[in-house]
Number of protein chains: 2
Amino acid sequence: MDALLARLKNYVDLPRPSEAALIGMPHVLKQMPRGKTIISEGEVIRRFHVIQKGWAIRKRLLEDGRRQIINFLLPGDVFDLQAMIDSKSDHGIETITLCEVRSIPTPEFLSVVSAHPALSSALWWSAVQEEGILREHIVRVGRRNAIERISHLLFELRRRLILTGNADPEDPVALPLSRQLIADAVGLSSVHVSRTVSAMRRMGLVATNAHLRILDPESLASIAGFDSHYLHLDARPLGQVRFNDGRGSMA
Amino acid sequence: MDALLARLKNYVDLPRPSEAALIGMPHVLKQMPRGKTIISEGEVIRRFHVIQKGWAIRKRLLEDGRRQIINFLLPGDVFDLQAMIDSKSDHGIETITLCEVRSIPTPEFLSVVSAHPALSSALWWSAVQEEGILREHIVRVGRRNAIERISHLLFELRRRLILTGNADPEDPVALPLSRQLIADAVGLSSVHVSRTVSAMRRMGLVATNAHLRILDPESLASIAGFDSHYLHLDARPLGQVRFNDGRGSMA
DNA sequence: CGCTCGGTTGAGATAATTCAAGTGCAGTGG
DNA sequence: CCACTGCACTTGAATTATCTCAACCGAGCG
């Protein structure tokens, strides 16, 4: 199934025609190897993008080389609100695994969405969830210590992967993360992340052969003080609220 | 002039009828003393809010009392996207000075906005700017040291105040911030903030009588490595893009 | 006048960083 | 098949940024 569709279904059951419209939008599908730039900082964004497969990061680079990962983009994630206005991107987006990325020109995207209230309402939910993830990341980095930050991040990623059917809650979830990626996400040095992850391995929380695997999500959540309400999994459609352009005729 | 209007004018010149519609929305205007809760964590949000006067904070509290300020809400700021979906707020909002807050029920807000493309486009800009501020806050907290964090925050606040005519670029801007507020915003302890601010005073960057005043914004910006493009001050309207509900008839 | 509250300052403790050396694996080329 | 290289990861030791605890100060207020 389409990755975005799978994600939005956590919020509403889309009527068949809306599903069809979502999948049928004119788009370009691109395979990208790991480490490629999807959007570069300063570029004007004129298309919406959807991650179909693989992982990407949003990141900012400081002049002296320090890097901050703003968040991780997983299958089913759409970006970017910035496509709504004609402005230069304030951050870059880059693949960290082999990816399949779908992109749709802004006007076409909006006209499809505006014709389908259920779609637009689901996309609002998606935007609210994304903002929630951003806010929680601020809390993570600002007020938690190393093991809490890492545990919280890992648990969030697992939760989000499960949401789109990209991970099985029963299995140890594998994450394609290097120490350096984790470090740049949670604001630590890669060697301190290495030490902390080693400690977590000794505690039986994760395994670290080839990929990082989550062995004990419950303990992870409790160490992290994880509270999932920022993911808005409880949200239910209010009225019909459109994510809309003003040009096409209103269906 | 209306605070929100003043802010949106940085993006578009709203046509008279749109201005009138914005100001004329059915609303409640509330005076609130310092330290009052506008929205509490867990509450379902059914109204949009606009800060008319004063300052507020978005914050998250951890179980053990640690507090993280997610961002500052200044005159002209609108919140919250979360009003678009029927879900519990994942954070609290609280005044930190005497405030005047306007609130509009979601459906009324949306129907006015959907009738005015220029308004909806301006509100998209506002949402994009807010997301940019959130992202930059992550970089600030994740990858900058104490003096950089504080300088960056102060400079951003000054810039935003100037944007809405709440500060004069020529004068030393005064900010109603305690050491503790700064600490909880940038993820430090209040005593370390105190030390750092004292150092900044000795460097001639700020004054600290009664209120914190910014004396030397240029040096502040250069210490902080401040780059304003995340505020999207360069953005210009693309097509007509609506911020829309799907219930009312489309004007 | 005496309290309270925010801010300041010092001293010692701690978390995380930096630098540096060493290990192990995956891929490459002989 | 083996040696060689590169890269991520690991570990130790020394250093530094920041925190905690605690005492003190001074302005504003009842």
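Just so it is clear, the structure is predicted and the values come from calculations on it, not from any experiment. (Residues numbered from 1 in each chain as written. Chains lettered and ligands numbered in written order. Predicted model: local features only at pLDDT ≥ 70, side-chain atom pairs only at ≥ 80, totals over all residues. Heavy atoms only, no water.)

Here, the residues flagged by UniProt with the feature "domain: HTH crp-type" (unreviewed entry) are residues 144-218 of chain A. Taken end to end, residues 144-218 of chain A is 55% helix and 11% strand, and its first and last C-alpha atoms sit 18 Å apart. (UniProt positions renumbered as here; feature names shortened; annotations may be inferred. Helix = DSSP H or I, 4+ residues; strand = E, 2+ residues; numbered from the N terminus.)

Moving on: the nonpolar core. Of all hydrophobic cores here, the largest spans 80 residues; its most connected members are A:Leu8, A:Ile38, A:Phe109, B:Leu8, B:Ile38 and B:Phe109. Among residues more than four places away in sequence, those in contact with B:Leu8 are B:Leu14, B:Leu22, B:Leu119, B:Ala122, B:Leu123, B:Trp125 and B:Ser126. With 38 residues, the next largest nonpolar core counts B:Ile69, B:Phe155, B:Val186 and B:Ala224 among its residues. (Core = buried A, V, L, I, M, F, W, Y, C linked by side-chain atoms within 4.5 Å. Buried < 20%, exposed > 50% of the residue type's maximum accessible area, 1.4 Å probe, protein only. Contact = heavy atoms within 4.5 Å.)

Moving on, we come to the confidence of the model for chain A. Averaged over every residue, the pLDDT of chain A is 92; the share at 70 or more is 94%. In this model, residues 245-251 of chain A is a region of pLDDT below 50 whose contacts with residues beyond four sequence positions or in other chains number 19 contacts. (pLDDT = per-residue confidence, 0-100.)

Moving on, we come to the interface of chain B and chain A. Opposite the 65 residues of chain B that make contact, chain A presents 65 residues. Of all residues in chain B, B:Arg135, B:Ile138 and B:Arg143 bury the most surface against chain A, accounting for 14% of the area lost on that side. Connecting chain B to chain A are 8 salt bridges. Notably, a salt bridge pairs A:Arg135 with B:Asp90, separated by 3.2 Å at the nearest N-O pair. (Buried area = accessible area lost by both parts, 1.4 Å probe. Salt bridge = Lys/Arg side-chain N within 4 Å of Asp/Glu carboxyl O.)

Looking now at the pairing of strand S3 (residues 47-53) of chain B. All names here are of chain B. With respect to burial, S3 is a largely interior element, 5 of its 7 residues being buried. Across 6 bridges, S3 lies against strand S8 (residues 99-105) in antiparallel orientation. Bridging from a neighbouring strand, Arg 47 pairs with Pro 105 of S8. Pairing between S3 and strand S6 (residues 78-79): 2 bridges, direction antiparallel. Note that in S6 the partner of Val 50 across the bridge is Val 78. (Pairing = 2+ DSSP bridges.)

Residue and element names in this part refer to chain B. The strand order across the open sheet built from 4 strands is S1-S8-S3-S6, with neighbouring strands paired in antiparallel fashion. The strands lining the two open edges of the sheet, one partner per strand, are strand S1 (28-32) and S6. Across the face of the sheet, helix H3 (residues 106-115) comes into contact with S3, S6 and S8 while running at roughly 80 degrees to S8. (Axes fitted to C-alpha atoms, helices over the stretch in contact; angles between N-to-C directions.)

The next thing to look at is the pattern of salt bridges. Side-chain pairs of opposite charge can arise whenever the charged atoms involved come near each other. Taken as a whole, this structure holds 42 salt bridges over all chains when the rule is applied. Across the pair B:Arg66 and A:Glu148 runs a salt bridge whose closest N-O atoms are separated by 2.9 Å. Residue B:Arg66 is found in the loop between strand S4 (56-61) and strand S5 (67-73), and its partner A:Glu148 is found in helix H5 (residues 146-163); the two belong to separate chains. Linked through salt bridges whose partners overlap, the residues forming this network are A:Arg7, A:Asp77, A:Arg140, A:Glu156 and A:Arg160.

Note on placement: B:Gln82 falls in the loop between S6 and strand S7 (92-95). Look at B:Gln82 and you get buried, because its relative accessible area is 1%. For the pair B:Gln82 and B:Arg158, spaced 76 residues apart in sequence, the C-alpha to C-alpha distance is 27 Å. With residues near it in sequence (within four places) discarded, B:Gln82 still touches A:Val128, A:Arg135, A:His232, B:Ile45, B:Lys88, B:Ser89, B:Asp90 and B:His91. Among the polar contacts listed, one links the side chain of B:Gln82 to the side chain of A:His232, at a separation of 3.4 Å. (Polar contact = N/O pair within 3.5 Å; in protein donor to acceptor, adjacent residues only side chain to side chain.)

The subject of this paragraph is the sheet that holds strand S4 (residues 56-61) of chain A. Residues and elements named next belong to chain A. What the 4 strands build is an open sheet, ordered S2-S7-S4-S5; its pairing is antiparallel. The sheet is open, and its two edges are formed by strand S2 (37-39) and strand S5 (67-73), each paired on a single side. Sheet twist, expressed as the average angle between the axes of neighbouring strands with direction ignored, equals 35 degrees. Here S4 runs beside strand S7 (residues 92-95); their pairing, made up of 4 bridges, is antiparallel. Bridge pairing links Ile 57 to Glu 94 in S7. The sheet strands contacting helix H4 (residues 117-143) are S4 and S5, and the helix crosses S5 at an angle near 145 degrees. Relative to S5, helix H6 (residues 179-186) is tilted by about 100 degrees, and along the sheet it contacts S4 and S5.

This brings us to the side chain of B:Arg58. Checked against the element boundaries, B:Arg58 lands in strand S4. On the accessibility criterion, B:Arg58 (0% relative accessible area) is buried. At a separation of 2.9 Å, a polar atom in the side chain of B:Arg58 contacts the side chain of B:His91. Not counting the four nearest positions on each side in its chain, B:Arg58 is found in contact with A:Arg135, B:Gln68, B:Ile69, B:Ile70, B:Asn71, B:Leu73, B:Phe79, B:Asp80, B:His91, B:Gly92, B:Ile93 and B:Glu130.

Another aspect to go through is the protein's contact with DNA strand D. Around DNA strand D, the structure places 16 residues, and the nearest of them are A:Ser194, A:Arg195, A:Arg201, B:Ser189 and B:Arg195. Counting only the atoms of DNA strand D within 4 Å of the protein, the fraction contributed by sugar and phosphate is 64%. Take A:Arg179: an N or O atom from its side chain is 3.0 Å from a phosphate oxygen of DNA strand D. One of the side-chain nitrogen or oxygen atoms of B:His192 is found 3.3 Å away from a phosphate oxygen of DNA strand D. (Near = heavy atom within 4 Å.)

Glancing now at the packing of aromatic side chains. This structure, assessed with the given rule, holds 11 aromatic pairs over all chains. Each residue in the set A:Phe155, A:Phe226 and A:Tyr230 is aromatic and connected to the rest through ring pairs, giving one cluster. (Phe/Tyr/Trp six-rings, centres within 6.5 Å; stacked < 30°, edge-to-face > 60°.)

Every one of the 16 residues lining DNA strand C counts as a neighbour, but A:Ser189, A:Arg195, B:Arg179, B:Ser194 and B:Arg201 are closest to it. Backbone sugar and phosphate groups make up 63% of those atoms of DNA strand C lying within 4 Å of the protein. Measuring from a phosphate oxygen of DNA strand C, one finds a side-chain N or O atom of B:Ser194 at 2.8 Å. Put simply, the parts of the chain that give the surface near DNA strand C at least two residues each are helix H7 (190-202) of chain A together with helix H6 (179-186) and helix H7 (190-202) of chain B. It is H7(B) that provides the largest number of residues to the surface near DNA strand C, a total of 6 residues. Residue composition of the surface near DNA strand C, by class: 4 nonpolar, 7 polar and 5 charged. (Nonpolar A, V, L, I, M, F, W, Y, C, P; charged D, E, K, R; others polar.)

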